[in-house]
Amino acid sequence: MVGYDPGALCAAFSPEEAALAGSAAGMVTRALISPFDVLKIRFQLQIERLSSHRPEGKYQGLLQASRCIYLEEGLSAFWKGHVPAQLLSISFGAVQFASFELMTEVVHKSTLYDSQTAGVHFLCGGLAACSATVVCQPLDTLRTRFAAQGETKVYSNLRHAVSTMCRSEGVLTFYRGLSPTLMAVFPYAGLQFFFYNVFKKLLAPTAEAGNSGGDLRSLVSGSGAGIISKTMTYPFDLFKKRLQVGGFEAARVHFGQVRNYRGLVDCMVQIAKEEGVRGFFKGLSPSLVKAALSTGFTFFWYEFFLNAMHNLKERRRTNGLARDLEES
């Protein structure tokens, strides 16, 4: 089970072990879901209506957008921004899961609350994600810029992007969209951990403690948690993406209309006026597919790697005891 479990048969994992498993889970998951992330970002940044019946913009739907990107930019376009995205996933996974395991342990040892309740997981999951967001926001901004640019490219590589953005827009540009990100990430991550905890217990009410590493229950529970949490917090993710490409309008012209927002409130108002309430949910379909796969795989691989480390430690301990017996 994710989080500190006082009833587990094995010893609690250290923050370093949680960070290692979290970063490995993030790396594997990112490689698998990158195409859906690119589609989601392209949809979020399009001002025109997303509709195949009344086409106004460059992209009208999942299949049409996928075909368009493939024909114009090639297969590799679905992994645009993959290097900063991988750095983001590895860093975010490490900080988030290490913080979560530490927080749940502190809650259990310092309060009267049970560390395995869904409410505790909601609070600790949200706070852990906020800490990871502050650390990783610059990488998220870089990932968004790379995924948003078409042909001809504005940034040739990661170093060029960092130097260009620092020189032309200043260091604070890496934290554009931080306020809506934090507003969204706390409930989003909190709900992920909350519903993962609920679904995992519903699917395996009699599962033995400490024997839940990386199985189908983890994948299904994580997928369900991802879909529910993403739907409930999606508009804030869209606001963040719109704000992150501010100052990047020249590279977006050939995709359609562009807008310049003065801040979060201005972004919300302009979208509501020009695009209506449906504008807050542009790109939701690929985002839900991505959320289901991403959250499901993240929890699956996290528990898988934790279980692998536990088995490795047990094997080493058993071998050590065997050697001690032989020597005595």
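Everything numeric in this text was worked out from a predicted model, so none of it was measured.

## Some points on the packing of helix H1 (residues 15–45) against helix H2 (residues 62–73)
Moving on, step 1. Two elements in contact, H1 and H2, have axes whose closest approach is 11 Å; the angle formed by their N-to-C orientations is 105°. By the criterion of interaxial angle, the relationship of H1 to H2 is roughly perpendicular. In this structure, H1 uses Leu39, Arg42 and Phe43 to contact H2, whose residues at the interface are Leu62, Ala65, Ser66, Ile69 and Glu73.
Moving on, step 2. When grouped by side-chain class, the residues that make up the contact of H1 with H2 number five nonpolar, one polar and two charged.

## Remarks on the domain arrangement of the protein
Often, the extent of an interface is quoted as the loss of accessible area upon association of its parts.
Moving on, step 1. Here the protein is partitioned into domain 1 (12–79 + 284–317) and domain 2 (82–175).
Moving on, step 2. Listed by partner, the interface residues are 19 residues for domain 1 and 18 residues for domain 2.
Moving on, step 3. Summing both sides of the interface, domain 1 and domain 2 together bury roughly 1,700 Å²; the carbon and sulfur share of this comes to 66%.
Moving on, step 4. The largest per-residue losses of area from domain 1 upon contact with domain 2 belong to Arg30, Ile41 and Tyr302, which jointly make up 26% of the total buried on that side.
Moving on, step 5. On the surface where domain 1 and domain 2 come into contact, there are zero salt bridges.

## So, the pattern of salt bridges
When their charged atoms lie close together, side chains carrying opposite charge are able to pair.
Moving on, step 1. Counted by the stated rule, this structure contains 20 salt bridges.
Moving on, step 2. The salt bridge partner of Asp237 is Lys241, with a shortest N-O separation of 3.5 Å. On the criterion of helical spacing, the pair formed by Asp237 and Lys241 is a turn pair, its members being four residues apart in helix H7 (residues 216–244).
Moving on, step 3. Judged by its relative accessible area of 0%, Lys241 is buried.

## Things to note about the state of the cysteines
Moving on, step 1. Per the stated rule, a full pass over the model turns up zero disulfides.
Moving on, step 2. Here Cys130 stays free of any disulfide, with the sulfur of Cys124 as its closest cysteine sulfur at 12 Å.
Moving on, step 3. With no disulfide of its own, Cys136 lies closest to Cys130 among cysteine sulfurs, the gap being 12 Å.

## So, the side chain of Thr298
Moving on, step 1. Secondary-structure assignment places Thr298 in helix H9 (residues 284–327).
Moving on, step 2. Polar contacts involving the side chain of Thr298 include one to the main-chain carbonyl oxygen of Ser294, which spans 2.6 Å.
Moving on, step 3. In contact with Thr298, other than residues within four places in its own chain, are Ala25, Thr29 and Phe97.

## As for the packing of aromatic side chains
Moving on, step 1. All told, the structure shown has 18 aromatic pairs when counted by the stated rule.
Moving on, step 2. Measuring from ring centre to ring centre gives 5.4 Å for Phe193 and Phe299, while their planes differ by 85°; the resulting arrangement is edge-to-face. In this pair, Phe193 sits in helix H6 (residues 178–203) while Phe299 sits in helix H9, placing the two residues 106 residues apart along the sequence. Phe299 shares its class with Phe193; the two are buried.
Moving on, step 3. Three or more aromatic residues link up through ring pairs in this structure, and these residues are Phe97, Phe100, Phe193, Tyr196, Phe299 and Tyr302.
Moving on, step 4. Over the ring of Tyr188 we find Lys230; its NZ or CZ atom is 4.5 Å from the centre of that ring.

## Comments concerning the environment of Ser66
Moving on, step 1. The topology assignment puts Ser66 in helix H2.
Moving on, step 2. With relative accessibility at 22%, the residue Ser66 sits in the partly exposed group.
Moving on, step 3. Separated by 130 residues in the primary sequence, Ser66 and Tyr196 place their C-alpha atoms 31 Å from one another.
Moving on, step 4. Those residues in contact with Ser66, other than ones at most four positions away along the chain, are Leu39 and Phe78.

## Digging into helix H8 (residues 264–275)
Moving on, step 1. When the terminal C-alpha atoms of H8 are compared, their 16 Å separation across twelve residues agrees well with the 16 Å that a helix rising 1.5 Å per residue should span.
Moving on, step 2. For H8, the set of buried residues is Leu264, Asp266, Cys267, Gln270, Ile271 and Glu275. In a view along the axis of H8, the buried residues occupy a sector of 160°, so they form one face of it. Opposite its buried face, H8 presents the exposed residues Val265 and Lys273, each directed more than 90 degrees away.
Moving on, step 3. Remark: Gly276 follows H8 within two positions and exhibits a positive phi of approximately 75°.

## Focus: the packing of helix H3 (residues 82–110) against helix H4 (residues 118–148)
Moving on, step 1. Running from amino to carboxyl end, H3 crosses H4 at an angle of 165°, the nearest separation of the two axes being 8 Å. Relative to H4, the element H3 lies roughly antiparallel. As H3 runs across H4, the sense of the crossing is right-handed.
Moving on, step 2. Partitioned by chemical class, the residues of the contact of H3 with H4 number 20 nonpolar, eight polar and two charged.

About the criteria used
- Residues numbered from 1 in each chain as written.
- Predicted model: local features only at pLDDT ≥ 70, side-chain atom pairs only at ≥ 80, totals over all residues.
- Heavy atoms only, no water.
- Axes fitted to C-alpha atoms, helices over the stretch in contact; angles between N-to-C directions.
- Helix = DSSP H or I, 4+ residues; strand = E, 2+ residues; numbered from the N terminus.
- Parallel < 35°, antiparallel > 145°, perpendicular 65-115°, else oblique.
- Contact = heavy atoms within 4.5 Å.
- Nonpolar A, V, L, I, M, F, W, Y, C, P; charged D, E, K, R; others polar.
- Domains from an automatic or database assignment.
- Buried area = accessible area lost by both parts, 1.4 Å probe.
- Salt bridge = Lys/Arg side-chain N within 4 Å of Asp/Glu carboxyl O.
- Buried < 20%, exposed > 50% of the residue type's maximum accessible area, 1.4 Å probe, protein only.
- Disulfide = S-S within 2.5 Å.
- Polar contact = N/O pair within 3.5 Å; in protein donor to acceptor, adjacent residues only side chain to side chain.
- Phe/Tyr/Trp six-rings, centres within 6.5 Å; stacked < 30°, edge-to-face > 60°.
- Lys NZ or Arg CZ within 6 Å of the ring centre and 35° of its normal.
- Expected span 1.5 Å × (residues − 1).
- Arc of directions from axis to C-beta.
- Left-handed = near helix turned anticlockwise from the far one by under 90°.

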